[in-house]
Each structure stands twice: as structure tokens, then as C-alpha cells.
Amino acid sequence: MSVAISAQKPHPFGTHNYSVGPASKRIVVSYGFWIFLLSDFIMFAGFFAAYAVLKDSVADGPRGRELFDVYIVAIETACLLLSSFTCGMATVAVALRNLVWTQIWLLVTGLLGLAFFVLEIHEFHELTQAGHGPQRSAFLSAFFTLVGCHGAHIIVGGLWLGTMMAQVWIKGFRETVIRRLMCFSLFWHALDIIWVAILTIVYLMGVIE
């Protein structure tokens, strides 16, 4: 009697299928987008490093504690962190295939992101009007570059969000649309992580120095 030998190998955490084949589209897209996010983190790490080196190069000008309005920054932070929550709720609505609540939560996310950006533009306008633009000192150059780059990402995210709302409305919950929404959610949460680092290193440490 011949004995059939299973090609399935034992796995310490249970049965595991070792069949060879291409990964699913969802895995490939997620992997590629994580690589993009990591490259973005590396870019911001360079900006943070430049800011850390130049934060004391004020050229006899004002320091952060003399310039930063902590109340405006607190409102900006509340808007962005709340938008991360609403973005998560949109992800839940997508999982439930609820079109109305998906659109509502995405819209609220976009409005909170817009409020954050308007406050940031107001902050930049006030600084430049007072003569504290990026050309004033190396410190301010590093500040405007770091914070401005994050603001540019918010604008890109907002445009992406509007595009996704249109695609959900027209195409519904197709697999391609769901994957794009997943990538958008990762991108938006990554911006929140970067903002928490900016809040801590630039604003809070700048005020208490």
C-alpha cells in the first residue's frame, strides 16, 4: 500500500499553506505604498535633522518662544487628530459597505484638514507680515521648510480625498476603490504621526526653551 505524503509542512502557529503563487493585488499595493510612506518619513527625518541643527541660528532675531502662538497650534492639533478619528470611522463605514456614512466621514475628514491648513496659512501670514519670513534666519528657514512641507502634504491629501469621494460616489465599493481608500487612510494617519513629531520638537520644545 502506498502512503501519500502531504506537501504541507507543519507550522508552529498552525497549518500554513506553502503553495507558490503571486501575491494578491491588495498585498502588492499595500507593500508598495508602505515603501512610499517610508521614503516620505526619511525625507521628513532630513528636515527634522536640519531643524535640530539650525534652531539656535536665529541671527539675533526672535526664537520660537517669541513667535509661536500655542493656542493656534492647539487648535491645529485638535483638528488634525480629530480628522484621524473621522478617517478611521470612514474606514469602518467602507468595511460595512455603507455609502452614506463613508461619504459623511470622508467629508468631515476633509473639512477638518482644510481647517488645519487655513490656520497654518494664517500662522505663516502673520509671521511674514511681522518680518519673520524664511529669509530672516536659518532657524526660520528650517521652520518654514519643515512645517510647510507637512502643509503641502495636507493639500495633496485633501485633493486625494476629494477624488476618492467622487470615485466612491460613481463607482461604489469596487476592489480598486477600496484599495485606494486604504492607501489614503495610511497616508492621512502618517501625516498625523509627523504632526505629533512637529508639535513636540518644534512647538513645545521651542516654547519651553
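1. Some details on the overall build of the chain
Then comes step 1: Helix and strand counts for the chain stand at six helices and zero strands.
Then comes step 2: In the chain, the succession of helices and strands from N to C terminus is α-α-α-α-α-α.
Then comes step 3: For the chain, buried positions account for 39% of its 209 residues.
Then comes step 4: The contacts of the chain with a sequence gap of at least 6 include a subset with a gap of at least 24, amounting to 77%.
Then comes step 5: A total accessible area of about 12000 Å² is found for the chain, and carbon and sulfur atoms account for 70% of it.

2. Concerning helix α1 (residues 25–54)
Then comes step 1: With 30 residues, α1 extends 44 Å from end C-alpha to end C-alpha; this agrees with the ideal 44 Å at 1.5 Å per step.
Then comes step 2: Those residues of α1 hidden inside the fold are in contact with α5 (138–171) and α6 (175–208).

3. Observations regarding the confidence of the model for the chain
Then comes step 1: Per-residue confidence for the chain gives a mean pLDDT of 88, with 89% of residues at or over 70.
Then comes step 2: When the elements of the chain are averaged for pLDDT, helix α2 (residues 64–67) gives the smallest value, 87, and helix α4 (residues 99–129) the largest, 96.
Then comes step 3: Overall, residues 1–16 carries pLDDT values under 50, and its contacts beyond four positions in sequence, including any with other chains, amount to eight contacts.

4. A few points about the packing of helix α3 (residues 70–95) against α6
Then comes step 1: Relative to each other, α3 and α6 sit at 160°, their axes nearing to 10 Å. Classified by the angle between their axes, α3 and α6 sit roughly antiparallel to one another. Between α3 and α6 the crossing geometry is left-handed.
Then comes step 2: Tallied by class, residues from the contact of α3 with α6 come to 16 nonpolar, seven polar and two charged.

5. Quick notes on the side chain of Thr-86
Then comes step 1: One can find Thr-86 in helix α3.
Then comes step 2: For Thr-86, a relative accessible area of 3% translates into the label buried.
Then comes step 3: Within the structure, Thr-86 has its side chain in polar contact with the backbone oxygen of Ser-83 (distance 2.9 Å).
Then comes step 4: In this structure, Thr-86 is in contact with Trp-105, Val-108, Thr-109 and Leu-112, ignoring residues within four places of it in sequence.

Criteria and thresholds
- Residues numbered from 1 in each chain as written.
- Predicted model: local features only at pLDDT ≥ 70, side-chain atom pairs only at ≥ 80, totals over all residues.
- Heavy atoms only, no water.
- Helix = DSSP H or I, 4+ residues; strand = E, 2+ residues; numbered from the N terminus.
- Buried < 20%, exposed > 50% of the residue type's maximum accessible area, 1.4 Å probe, protein only.
- Contact = heavy atoms within 4.5 Å.
- Areas by Shrake-Rupley, 256 points an atom, 1.4 Å probe, with all protein chains shown as cover.
- Expected span 1.5 Å × (residues − 1).
- pLDDT = per-residue confidence, 0-100.
- Axes fitted to C-alpha atoms, helices over the stretch in contact; angles between N-to-C directions.
- Parallel < 35°, antiparallel > 145°, perpendicular 65-115°, else oblique.
- Left-handed = near helix turned anticlockwise from the far one by under 90°.
- Nonpolar A, V, L, I, M, F, W, Y, C, P; charged D, E, K, R; others polar.
- Polar contact = N/O pair within 3.5 Å; in protein donor to acceptor, adjacent residues only side chain to side chain.

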